[in-house]
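Topology and contacts: notes
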Amino acid sequence: MKGVIPSLATAMRNLQSSEGVGEQNVNQWMDTFLLSRIGTEMLTSQYMACVAPSKGQPRGIVDHACDPTIVCDRAAKHVMKLSQSHYNMQHELDIQI
């Protein structure tokens, strides 16, 4: 599976330039394809972890010690930093659970 993403990106660029497919259509197709691929990878990883678990490791790919609140907070703060550094925009953030 190595090289799939670069090959796909090259193919989509070629399609865009030779067939006149719009950037919005290319982006939409790529988003759909990549989200599907992420979902498939997650399901496959979960299945493999349950079928052939490692000794001393919990079954599955879910980290039961993970706190989604902390993950979301870190991601939001990172986006705020990127927004500030790339676009010189600063937004207030209020995460509610």
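Everything here concerns the structure above.
Anyway, here's the lowdown on the structure attached to this text. (Residues numbered from 1 in each chain as written. Predicted model: local features only at pLDDT ≥ 70, side-chain atom pairs only at ≥ 80, totals over all residues. Heavy atoms only, no water.)

Focus on the state of the cysteines
- The final tally for this structure, using the stated rule, is zero disulfides.
- Counting only cysteine sulfurs, C72 is the nearest neighbor of C66, a cysteine outside any disulfide, at a range of 8.9 Å.
- Judged by relative accessible area, C66 falls into the partly exposed class, the value being 40%. (Disulfide = S-S within 2.5 Å. Buried < 20%, exposed > 50% of the residue type's maximum accessible area, 1.4 Å probe, protein only.)

What to know about the environment of R13
- Assignment of secondary structure puts R13 in helix α1 (residues 4–19).
- Considering only alpha carbons, one finds R13 and D67, 54 residues apart in sequence, at a separation of 39 Å. (Helix = DSSP H or I, 4+ residues; strand = E, 2+ residues; numbered from the N terminus.)

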